[in-house]
Amino acid sequence: MNPHAKLITSLSLLLGTTITISSNHWMMAWTGLEINTLAIIPLISKSHHPRAIEAAIKYFLVQAAASALILFSSMINAWTTGQWDISQLTHPVSCNLLTMAIAMKLGLVPFHFWLPEVLQGSPLTTALLLSTLMKFPPITILLLTSHSLNPTLLTIMAISSTALGGWMGLNQTQTRKILAFSSIAHLGWMAAIIIYNPKLTLLTFYMYSMMTTTVFLTINTTKVLNLPTMMTSWTKSPMLNATLMLTLLSLAGLPPLTGFLPKWLIIQELTKQEMTTTATIISMLSLLGLFFYLRLAYYSTITLPPNSSNHMKQWHVNKPTTSSIAILTILSTSLLPLSPMILTTI
């Protein structure tokens, strides 16, 4: 890709995200989301492969429909209340329309169909952006309007997303699709708690983004795109695969790793809100996700290929991203002892 084009798209992504997260007016938030959508499309389709072009078209159509719904929702609210302020969303129809629009933007069930396909058709770095940075503006809009959203609708979406994210990830062999269903399951946890504790949703999103970034950067370094190649990657870089296993287990939410912290706090908060049934259901459904994370961890470190390779094991990887992977891995696996300090901020 042309360096100038890459610079323009990167700056546009940052600009669109900044406009959306810092705006109070619906029109400005919508403008930021549109800039984001148009900026990521060249990054999705840059390989010129038919699958990449298909992914870009699917992404554009879904995001355009979601943006139109956001505009429709804000116009209904402005028509009935005379308010264009994001935090003044009070009309029930507008609230439900907005919830559906943001669910489309994020990939929550039942609007999840585009996410695995788009991630599978994108390069790994673009898939990382789609899984983390591109979800930040819609989550910010949900945070600003969380006091007026429909709790029943969000709880149904949350349980469905956790169930489908775990269930559909079981029979996948492509790493990007597995991470897409992992994203859907984690969004379910965020949607369950957003009305009751918005700051906890933000903390969960930060933790998820950090762990997902670590996994994507490691996979990008070892060039692992499916499970069979993951089995043979152990012989190329043992240390990276060992740290990848720990990060995957953290993403699954196993104690004493970082990923356990947001799930523990969400279950605690749901119990406080007398939503013990919801907490129990999403906890049980996260076991489905645990199964495919364990499978990934098993493939990456424990399973050895039937024939050993003859070349030297590469214990030290000379790549520009290695230092950032090291820092992110430490953060993704060892933040749980800092939980008392984190709890004081939420």
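In this text, all values refer to a predicted model and were calculated from it rather than measured experimentally.

Engineer: Could you clarify how one ought to interpret the overall build of the protein in this entry?
Structural biologist: Summing up its helical and strand segments, the protein has 16 helices and zero strands in all. Compactness check: the protein gives a C-alpha radius of gyration of 20 Å against a globular reference of 20 Å for 346 residues, within 12% of the reference. The C-alpha extent of the protein, read off along each of the three principal axes, is 70 × 50 × 35 Å. Looking at the protein as a whole, 54% of its 346 residues are labelled buried. Residue pairs in contact within the protein that sit at least 24 positions apart in sequence constitute 77% of those at least 6 positions apart. For the protein, the exposed area adds up to about 15,100 Å²; of that, 71% sits on carbon and sulfur atoms. Measuring between centres, the 16 positive side-chain charges of the protein sit 18 Å from its 6 negative side-chain charges.

Engineer: Where do I start with the environment of M190 in this structure?
Structural biologist: Take M190: it is sitting in helix α9 (residues 175-193). Residue classification places M190 among the buried residues on the basis of a relative accessible area of 3%. Remark: the alpha-carbon pair of M190 and F205, spanning 15 residues in sequence, is separated by 7.3 Å. The residues contacting M190, other than those within four sequence positions of it, are I139, T201, T204, F205 and Y208.

Engineer: In this structure, what is going on with the packing of aromatic side chains? I would like to understand it.
Structural biologist: Centre distance and the angle of the planes are the two values used to describe a pair of aromatic rings. Counted according to the given criterion, the structure contains six aromatic pairs. For the pair Y59 and W114, a centre-to-centre distance of 5.6 Å together with 65° between the ring planes defines the contact as edge-to-face. Of this pair, Y59 sits in helix α3 (residues 50-81) while W114 sits in helix α5 (residues 114-121); the two residues are 55 residues apart in sequence, bridging distant segments of the chain. Each of the two residues, Y59 as well as W114, counts as buried. A centroid spacing of 5.8 Å and a plane angle of 5° characterise the contact between F136 and F205, whose relative ring orientation is stacked. Residue F136 is found in helix α7 (residues 136-144), and its partner F205 is found in helix α10 (residues 198-222); the two are separated by 69 residues along the sequence.

Engineer: Please clarify how the nonpolar core should be interpreted in this entry.
Structural biologist: Grouped together as the largest cluster of nonpolar side chains are 91 residues, with contacts concentrated most on I40, I44, Y59, L98, L130 and M207. When we break this core down by domain, the ones giving at least three residues each are domain 1 (1-123) and domain 2 (150-345). Excluding anything up to four places from it in sequence, L130 contacts I40, I44, Y59, V118, L119, S122 and K135.

Calculation notes
- Residues numbered from 1 in each chain as written.
- Predicted model: local features only at pLDDT ≥ 70, side-chain atom pairs only at ≥ 80, totals over all residues.
- Heavy atoms only, no water.
- Helix = DSSP H or I, 4+ residues; strand = E, 2+ residues; numbered from the N terminus.
- Rg over C-alpha atoms; globule rule 2.2 N^0.38 Å.
- Buried < 20%, exposed > 50% of the residue type's maximum accessible area, 1.4 Å probe, protein only.
- Contact = heavy atoms within 4.5 Å.
- Areas by Shrake-Rupley, 256 points an atom, 1.4 Å probe, with all protein chains shown as cover.
- Lys, Arg positive; Asp, Glu negative; His and termini not counted.
- Charge placed at Lys NZ, Arg CZ, Asp CG, Glu CD.
- Phe/Tyr/Trp six-rings, centres within 6.5 Å; stacked < 30°, edge-to-face > 60°.
- Core = buried A, V, L, I, M, F, W, Y, C linked by side-chain atoms within 4.5 Å.
- Domains from an automatic or database assignment.

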